[in-house]
2 protein chains.
Amino acid sequence: MANAINVVIVEDVRDIRESLLALISGMTGYHCAGVYATAEAAIADMPAIVPDVVLMDINLPGINGIEAVRQLKDRFPEINFLMCTVFEDTDNIFRALEAGAGGYIVKNNSPLKILEAIKEVNEGGAPMSAAIAKKVIHSFRKVAKEPSSHALLSAREMEVLQLLSDGLLYKEAADKLNLSVETIRSHCRKVYEKLHVNTKLEAINIVFGKR
Amino acid sequence: MANAINVVIVEDVRDIRESLLALISGMTGYHCAGVYATAEAAIADMPAIVPDVVLMDINLPGINGIEAVRQLKDRFPEINFLMCTVFEDTDNIFRALEAGAGGYIVKNNSPLKILEAIKEVNEGGAPMSAAIAKKVIHSFRKVAKEPSSHALLSAREMEVLQLLSDGLLYKEAADKLNLSVETIRSHCRKVYEKLHVNTKLEAINIVFGKR
DNA sequence: GGCACAATAGCACTTTAGTGTTACTGGCTG
DNA sequence: CAGCCAGTAACACTAAAGTGCTATTGTGCC
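Just so it is clear, the structure is predicted and the values come from calculations on it, not from any experiment.

Caption draft 1: Structural view of the protein's contact with DNA strand D. Not every one of the 18 residues close to DNA strand D is listed here, only the nearest: A:S154, A:H187, B:Y170, B:R185 and B:R189. Of all atoms in DNA strand D that approach within 4 Å of the protein, 50% are sugar or phosphate atoms. Here a phosphate oxygen of DNA strand D and a side-chain polar atom of A:S154 are 2.6 Å apart. A:E182 is positioned with one of its side-chain polar atoms (N or O) 2.9 Å from a base nitrogen of DNA strand D.

Caption draft 2: Just the packing of helix 8 (residues 155-165) of chain A against helix 11 (residues 200-208) of chain A, in detail. Residues and elements named next belong to chain A. Relative orientation of the contacting elements helix 8 and helix 11 amounts to 110°, with a least axis distance of 10 Å. Considered as vectors, helix 8 and helix 11 are oriented roughly perpendicular to each other. Note that helix 8 runs across helix 11; the crossing there is left-handed. Every residue of helix 11 that contacts helix 8 at M158, L161, Q162, L164 and S165 is listed here: K200, A203, I204, V207 and F208. A per-class count over the contact of helix 8 with helix 11 returns seven nonpolar, two polar and one charged.

Caption draft 3: Molecular detail of the sheet that holds strand 2 (residues 30-36) of chain B. Residues and elements named next belong to chain B. Spatially, five strands are ordered 2-1-3-4-5 in an open sheet, and the strand pairing comes out parallel. Single-partner strands in this sheet number two, and they are strand 2 and strand 5 (103-106). Averaged over all pairs of adjacent strands, the angle between strand axes in this sheet comes to 25°, irrespective of strand direction. Across the sheet, helix 2 (residues 39-49) lies against strand 1 (5-10), strand 2 and strand 3 (53-57), angled at about 135° from strand 2, the strand it touches most. Against the sheet, helix 5 (residues 111-122) makes contact with strand 1, strand 2, strand 3, strand 4 (80-85) and strand 5, and its axis sits at roughly 150° relative to strand 4, the strand it touches most.

Caption draft 4: View of the sheet that holds strand 3 (residues 53-57) of chain A. Residue and element names in this part refer to chain A. In spatial order, the strands read 2-1-3-4-5; together these five strands make up an open sheet with parallel pairing. At either margin of the open sheet sits one strand with a lone partner, and together these are strand 2 (30-36) and strand 5 (103-106). For this sheet the average axis-to-axis angle between neighbouring strands, irrespective of direction, equals 25°. In the sheet, strand 3 pairs with strand 4 (residues 80-85) via five bridges, with the strands oriented parallel. In the strand pairing of strand 4, D57 is matched with C84. On top of the sheet, helix 1 (residues 14-25) reaches strand 1 (5-10), strand 2 and strand 3; it is set at about 160° to strand 2, its chief contact.

Caption draft 5: Examining the pairing of strand 3 of chain A more closely. Residue and element names in this part refer to chain A. Within strand 3, five of the five residues are buried, leaving the element largely enclosed by the surrounding structure. Residue alternation in strand 3 divides its side chains into two sets, V53, L55 and D57 and V54 and M56, and both sets are buried. Across four bridges, strand 1 lies against strand 3 in parallel orientation. Across the sheet, residue V8 finds its bridge partner in strand 3, namely V54. Crossover handedness for the path strand 3 to helix 3 (residues 65-75) to strand 4: right-handed.

Caption draft 6: Representation of the packing of helix 8 of chain A against helix 9 (residues 170-177) of chain A within the structure. Residues and elements named next belong to chain A. Running from N to C, helix 8 and helix 9 point in directions that differ by 130°, and their axes come no closer than 9 Å. Judged by the angle between their axes, helix 8 and helix 9 are oblique. Seen from above, helix 8 lies across helix 9 with right-handed handedness. Along the contact surface, helix 8 presents R156, E159, V160, L163 and L164, while helix 9 presents Y170, A173, K176 and L177. Class assignment of the residues belonging to the contact of helix 8 with helix 9 gives a composition of six nonpolar, no polar and three charged.

Thresholds, definitions, all that
- Residue numbers run consecutively from 1 along every chain, following the written order of its sequence.
- Chain A is the first chain written and ligand 1 is the first ligand written, with later ones labelled in order.
- In keeping with the predicted nature of the model, local features appear solely for residues at pLDDT of at least 70, side-chain atom pairs appear and are counted solely at 80 or more, and the whole-chain, interface and lining totals rest on all residues.
- Neither water nor hydrogens contribute to the side-chain values; these are computed over all heavy atoms in the structure.
- Note on definitions. A residue lies near a molecule or strand when any single heavy atom of the residue is within 4 Å of it.
- N or O atoms closer than or at 3.5 Å make up a polar contact, with two conditions inside protein: a donor-capable atom paired with an acceptor-capable one, and, for residues adjacent in sequence, both atoms drawn from side chains.
- Axes, fitted as lines to C-alpha atoms, cover a helix only where it is in contact. Angles between the N-to-C directions of the axes lie from 0 to 180 degrees.
- Strands here mean DSSP runs of E at least two residues long; helices mean DSSP runs of H or I at least four residues long; both are numbered from the N terminus.
- When an angle is under 35 degrees it counts as roughly parallel; over 145 it counts as roughly antiparallel; between 65 and 115 it counts as roughly perpendicular; any other value is oblique.
- By convention the crossing between two helices is left-handed if the near helix lies anticlockwise of the far one by an angle smaller than a right angle, and right-handed if it lies clockwise.
- Only heavy atoms matter for contacts: two residues are in contact if any of them lie within 4.5 Å across the pair.
- Residues are grouped as follows: nonpolar covers Ala, Val, Leu, Ile, Met, Phe, Trp, Tyr, Cys and Pro; charged covers Asp, Glu, Lys and Arg; every other residue, Gly included, is treated as polar.
- A pair of strands is considered paired only if DSSP assigns at least 2 bridges between the two.
- The cut-offs for exposure are 20% and 50% of the maximum accessible area for each residue type, with area from a 1.4 Å probe on protein chains only; residues under the lower value are buried, those over the upper are exposed, and the others partly exposed.
- Classification remark: right-handed applies to a crossover when, strands pointing away from the viewer, the course from the first strand over the helix to the second runs clockwise.

Next comes the structure, spelled out in structure tokens:
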């Protein structure tokens, strides 16, 4: 089977692991290149295998699936990772995507769906169950929140805040804008009043967004 | 047809508009509640219709589809918008999602796919064509920053810095971690030494990256 | 067992940031 | 034209952040 998709399975629960193995190795066009119960074992073997796709559980003992993807994606950017989990909690989804997972599916999907997802992620696609796609899409909405904060501040106030957010002191910002330190204070004061905060960092987090 | 999905079409190209209309009104379970060639006309009529789903073209004369969604989603949050376009350019995708679009499909999808997408977005899902899902997922991939700053700091130091970057005062961070304010000071001192800086903001910009 | 180091904590002191209040100027607008 | 507002600036004061120095505890390593 020369151009079958080489798949590695990382899953700690024995039953699930074995049924995934059976599913993949029993199917034409798919080949199981390795099966591991822990991230550590999979990471150790990865350089010798370099599969096309890794089916990665999130909840693993020791190094969890997300951390494993983070490490492996750095070293093997050409491998596509498909997260496979029972949880649909938002934090995990985004952490997995940040770490470099290409797709995110829920375990109780039908075998056919899982095979399709493997194929899709192998082709550089991004398989997601509908519920997860919804959360991902939704996350873009909240980013565009608070249209007011920008509009509230004047151009000069934004300029001052930008300099301070770069880490400049009042004194340094004043020098850069050829203003007195007192003027920087004044601007800050007004910004704080408008945004209902009382430190630089709070204002910066609101206006420029948190990391 | 009491519980058919009420769909509004906004599309400037006559041929596409009419074939979409034919597709939707000819299908059981779907009802076309309005057809418009411009965003302005659709916006004007929207309060009288309030459909379930709006099929919105992006390239429209005058107000474009993204701007239309932005305006309408604010006023009618319960309407689900499905962007329908020939372009897959990344900027447009993200702008549309930020504006509040629930799904994003490519026009040359099969009629069946389009109907499915309408149904999915109506149920709060997030239909995306594979190519678009891929771009969305990839946008989450963070560039691995040089581990220098990351590795330099201990887990505890990172934890403290994270809290301070959220805008907490030393006092508040101390309370949250059940530490003394002096300990927070100590941690900061060490962080500053390691990173060769002398304010919170500089450290935060180095460790978490600038906006 | 000795050593290095992270985490904790205290005290005294300086520097920066933030608050309350006031004041002058120049544009824009009803 | 009178009034509002943004931008500028000052002074006095309080609060918070940052610096220097020291000390105790626990963990891991040679």
